Amino acid sequence: DDQIERERASQHLSGGCCALAAVYLMGKFYVANAGDSRAIIIRNGEIIPMSREFTPETERQRLQFLAFLRPELLGKEFTHLEFPRRIQPKELGKKMLYRDQNMNGWAYKKIEEDDLKFPLIYGEGKKARVMATIGVTRGLGDHDLKVFSSNIHIKPFLSCFPEVRVYDLTQYEHCPDDVLVLGTDGLWDVTNDKEVAGVVMEVLTSYEPNDPCRYTMVAQELVVRSRGVLKERGWRLANDKLGSGDDISVFVIPLGGPGNYT
């Protein structure tokens, strides 16, 4: 993240990205994630999550706590409190459900003038945004990112620190059908963990266990199925639902060699 900031100053480069990395070291996999990509292990048909997505919803309390400690970051235009919907001026003085950085559940409060400000976190699910601008709360770069038509920087709310999970390969005997799947959000937006595991099993069983191209073919099939087919109404999946319009990158890494196959 510091290097990207230096390049921004020296080479006038801007922008940012999420990051998902897997490192194999002394019998263990270390999976580090900063952003909304995802990693899962498929072992003997079982799905083992190796990351979680960092979004305005999953990191709501961290974002709200920072805004509570440093209200100047909100530029007098946003509130760190969350409400079920936008508050209207006519609702001043009425009671409304809300939650702050210390709350998992909801409580009632009397609506005040400050509550009319735009919420720090707006929207739900994939449409949730920090200051109505960005839907990912961890990643690299984005040092220049500001709220539209304002001078409010969003970078203070974004973290470059990944969450790391460890998987000990020596604890299990893996066969060639056991894999680690790494994918960007373009894959997971339209294909869930169970569907990915199904594609993995379907493609792997159509190749010999010692065929090295079988894992590349799984990755290719996952990309193709998540993108869909281009039709008059855009990219469509086999069930005619909307295909992924985002970038899709997939790695499929075997956890066991042919020698372990039974």
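All values derive from a computational prediction rather than experimental measurement.

## Quick word on the pattern of salt bridges
Here is step 1 of the chain: Evaluated as defined, the whole model comprises 22 salt bridges.
Here is step 2 of the chain: One salt bridge in this structure joins E59 and R62, with 3.0 Å as the shortest N-O distance.
Here is step 3 of the chain: Assessed through its relative accessible area of 5%, E59 is described here as buried.
Here is step 4 of the chain: Assessed through its relative accessible area of 28%, R62 is described here as partly exposed.
Here is step 5 of the chain: Via salt bridges that share partners, D36, K126, D185 and D189 belong to a single interconnected network.

## Things to note about the layout of surface pockets
Regions of empty space are outlined by a rolling probe, equal in size to a water molecule, passed over the atoms.
Here is step 1 of the chain: Each pocket or cavity is described by its volume, and for the largest pocket that value is around 560 Å³.
Here is step 2 of the chain: Along its surface, the largest pocket is lined by 27 residues, and C18, D36, S37, T184 and D185 are the ones closest to its centre.
Here is step 3 of the chain: Partitioning the lining of the largest pocket into residue classes produces 9 nonpolar, 8 polar and 10 charged.
Here is step 4 of the chain: Structurally, the lining of the largest pocket is a two-domain feature, drawing no fewer than three residues from each of domain 1 (1–53 + 162–254) and domain 2 (59–157).

## A few points about the nonpolar core
Here is step 1 of the chain: V181, V196, L222 and V252 are the most contacted members of the largest nonpolar core, which has 19 residues in total.
Here is step 2 of the chain: Looking at this core element by element, the count peaks at 6 residues for helix α4 (residues 193–204).
Here is step 3 of the chain: The contacts of V252, once residues within four sequence positions are left out, are V179, L180, V181, Y215, V218, A219 and L222.
Here is step 4 of the chain: Counting 16 residues, the second largest nonpolar core, distinct from the first, contains L73, I134, I152 and I154.

## Regarding the domain arrangement of the chain
Here is step 1 of the chain: Per the domain assignment, the segments making up the chain are domain 1 (1–53 + 162–254) and domain 2 (59–157).
Here is step 2 of the chain: Placing the centre of domain 1 and that of domain 2 at their C-alpha centroids yields a distance of 31 Å.
Here is step 3 of the chain: Of the residues lining the interface, 17 residues belong to domain 1; the matching set on domain 2 comes to 10 residues.
Here is step 4 of the chain: For the pairing of domain 1 and domain 2, the buried interface totals around 1,100 Å² over both sides, and the portion due to carbon and sulfur atoms is 52%.
Here is step 5 of the chain: The largest per-residue losses of area from domain 1 upon contact with domain 2 belong to D1, R8 and C17, which jointly make up 34% of the total buried on that side.
Here is step 6 of the chain: Our enumeration of links across domain 1 and domain 2 arrives at 5 salt bridges.
Here is step 7 of the chain: Across the pair D1 and K155 runs a salt bridge, and its minimum N-O distance is 3.0 Å.
Here is step 8 of the chain: In this assembly, domain 1 and domain 2 are joined by 9 residue pairs in polar contact (both at pLDDT 80 or more).

## Section: the packing of aromatic side chains
Here is step 1 of the chain: Tallying each qualifying case throughout the model produces 4 aromatic pairs.
Here is step 2 of the chain: On the numbers, 6.0 Å between centres and 10° between planes, the contact of Y167 with Y172 is stacked.
Here is step 3 of the chain: Three or more aromatic residues joined by ring pairs form one cluster here, namely F78, F118 and Y122.
Here is step 4 of the chain: In this structure, R43 is placed above the aromatic ring of Y172, and the distance from its NZ or CZ to the ring centre is 3.6 Å.
Here is step 5 of the chain: The side chain of R138 reaches across the aromatic face of F54, ending 4.1 Å from its centre.

## Some details on the sheet that holds strand β3 (residues 28–34)
Here is step 1 of the chain: Taken in spatial order, the 3 strands of this open sheet run β2-β3-β13, and their pairing is antiparallel. Only two strands of the sheet have a single neighbouring strand rather than two, namely β2 (19–25) and β13 (163–168). Within the sheet, the average angular offset between the axes of one strand and its neighbour, ignoring direction, is 15°.
Here is step 2 of the chain: Note that β3 and β13 share 6 bridges and pair antiparallel. The residue of β13 that forms the bridge with V31 is R165.

Calculation criteria
- Residues numbered from 1 in each chain as written.
- Predicted model: local features only at pLDDT ≥ 70, side-chain atom pairs only at ≥ 80, totals over all residues.
- Heavy atoms only, no water.
- Salt bridge = Lys/Arg side-chain N within 4 Å of Asp/Glu carboxyl O.
- Buried < 20%, exposed > 50% of the residue type's maximum accessible area, 1.4 Å probe, protein only.
- 1 Å grid on protein atoms, 1.4 Å probe; cavity = no way out; pocket = protein on both sides within 12 Å on 5 of 7 lines; lining within 4 Å.
- Points joined across faces, edges and corners; volume = space filled by probe spheres on them.
- Nonpolar A, V, L, I, M, F, W, Y, C, P; charged D, E, K, R; others polar.
- Domains from an automatic or database assignment.
- Core = buried A, V, L, I, M, F, W, Y, C linked by side-chain atoms within 4.5 Å.
- Helix = DSSP H or I, 4+ residues; strand = E, 2+ residues; numbered from the N terminus.
- Contact = heavy atoms within 4.5 Å.
- Buried area = accessible area lost by both parts, 1.4 Å probe.
- Polar contact = N/O pair within 3.5 Å; in protein donor to acceptor, adjacent residues only side chain to side chain.
- Phe/Tyr/Trp six-rings, centres within 6.5 Å; stacked < 30°, edge-to-face > 60°.
- Lys NZ or Arg CZ within 6 Å of the ring centre and 35° of its normal.
- Pairing = 2+ DSSP bridges.
- Axes fitted to C-alpha atoms, helices over the stretch in contact; angles between N-to-C directions.

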